[in-house]
Amino acid sequence: MNVLIVEDEQDIAANIGDYLQAQGETPDYAYDGIGGLHLALTQEYDAIVLDVMLPRMNGLQFCQALRQEGFNTPVLMLTARDTLADKLAGFDVGTDDYLVKPFALQELYVRLTALVRRAQPPQQKIIKVADLELNQDTHTATRAGHTLKLNPVGLKLLALLMQSSPNTVLRHVLEEALWQETPPESDALRSHLYALRQVVDKPFKQALIHTVHGIGYRLVADDASTA
Ligand code: CA
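Residues numbered from 1 in each chain as written. Predicted model: local features only at pLDDT ≥ 70, side-chain atom pairs only at ≥ 80, totals over all residues. Heavy atoms only, no water.

Could you give me a rundown of the overall build of the protein chain, with the residues and numbers involved?
Tallying secondary structure elements over the protein chain gives 8 helices and 12 strands in all. A compact globule built from 227 residues should have a C-alpha radius of gyration of about 17 Å, whereas the protein chain, at 23 Å, is more than 25% larger. In the protein chain, which comprises 227 residues, the proportion classed as buried is 41%. Looking at the protein chain alone, contacts between residues at least 24 apart form 55% of all its contacts between residues at least 6 apart. Total accessible area computed for the protein chain in this model is approximately 12,600 Å², and 51% of it derives from carbon and sulfur atoms. (Helix = DSSP H or I, 4+ residues; strand = E, 2+ residues; numbered from the N terminus. Rg over C-alpha atoms; globule rule 2.2 N^0.38 Å. Buried < 20%, exposed > 50% of the residue type's maximum accessible area, 1.4 Å probe, protein only. Contact = heavy atoms within 4.5 Å. Areas by Shrake-Rupley, 256 points an atom, 1.4 Å probe, with all protein chains shown as cover.)

In structure tokens, the structure reads:
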């Protein structure tokens, strides 16, 4: 995840950043409130670690401004002053959690990942497109009431297509979801899509999976633009 660290004490910022980096996360730094806010409004972050006492704009003002601009990025506030009033003020302006200095980096990381997880919209358990239905809890798919026999790759592809429906999913997005950086061979995706269509579309009148040539695939009930 991309984490913005807004902290004027550079050694603390570096400590947090190094720890996050060691966990495979991507830290970014700002050393005052205005600079931090500028980054927060122009870059994409999964979470912000925000010190309360900052030059130019304090953490509470930062948070208020961020929320006023309509950004819901989770904010973990760092405070040196362990007073209830400070904490309540933090929550008032849209802070999601806080830590009192000094804190263990591990705890910061646990809280950050929890915030990010909570911020993600809950997954819809059952997705429907036309007469096709996918249950993401039981990992079963049906079409017109018939259970579809799909292997794990087929199920994963179907889930990706249905989650994005009616939008097109890019080829490389599908490939990365299945094989990360290293697809087994250039035509592997095509073969899996072919197999998926044999199960999802072939026995039925209407095809739902459509190729968007040179771009990717989309799953949609009635599609006039692609074949
Ligand atoms: Ca400070």
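Tell me about the environment of N2, and please be specific about residues and values.
Within the secondary structure layout, N2 lies in strand β1 (residues 2-6). What makes N2 partly exposed here is its relative accessible area of 31%. Put simply, N2 and P152 are 150 residues apart on the chain and 30 Å apart in space, counted from C-alpha to C-alpha. When residues no more than four places from it in sequence are discounted, the contact partners of N2 are T26, E44, Y45, D46 and A47.

With reference to specific residues and values, describe unusual backbone geometry.
A cis amide bond links K101 with the next residue in sequence, P102, at an omega value of -5°. Of the consecutive residues S165 and P166, the connecting peptide bond is found in the cis state with omega at 10°. Backbone geometry at A130 places phi at a positive 50°, although glycine is not the residue there. Structurally, the position occupied by A130 is in the loop between β6 (126-129) and β7 (132-135). Notably, H139 is not glycine yet its phi reads approximately 55°, a positive angle. Note that H139 resides in the loop between β7 and β8 (140-143).

Describe the coordination of the calcium ion, with residues and values.
Coordination of the calcium ion by the protein is provided by D8 (OD), D51 (OD) and M53 (O), with metal-donor distances spanning 2.1 to 2.3 Å. Of note, the donors binding the calcium ion are all from one chain and are spaced D-x42-D-x1-M. Of this pair, D8 sits in the loop between β1 and α1 (10-22) while M53 sits in the loop between β3 (47-51) and α3 (59-68), and the two are 45 residues apart along the sequence. (Donors = N, O, S within 2.8 Å, 3.2 Å for Na, K, Ca; no water.)

I'd like a rundown of the nonpolar core, residues and numbers included.
Counting residues in each nonpolar core, the largest one holds 28 residues, and the members touching the most others are L158, L196 and L219. Residue assignment for this core shows that the elements contributing at least two residues are β6, β7, α6 (152-164), α7 (171-179), α8 (188-200) and β12 (216-219). It is α6 that contributes the most residues to this core, 7 residues altogether. If we skip the residues at most four places from it in the chain, L219 touches V129, L132, L158, L161, M162, S165, P166, L208 and I209. (Core = buried A, V, L, I, M, F, W, Y, C linked by side-chain atoms within 4.5 Å.)

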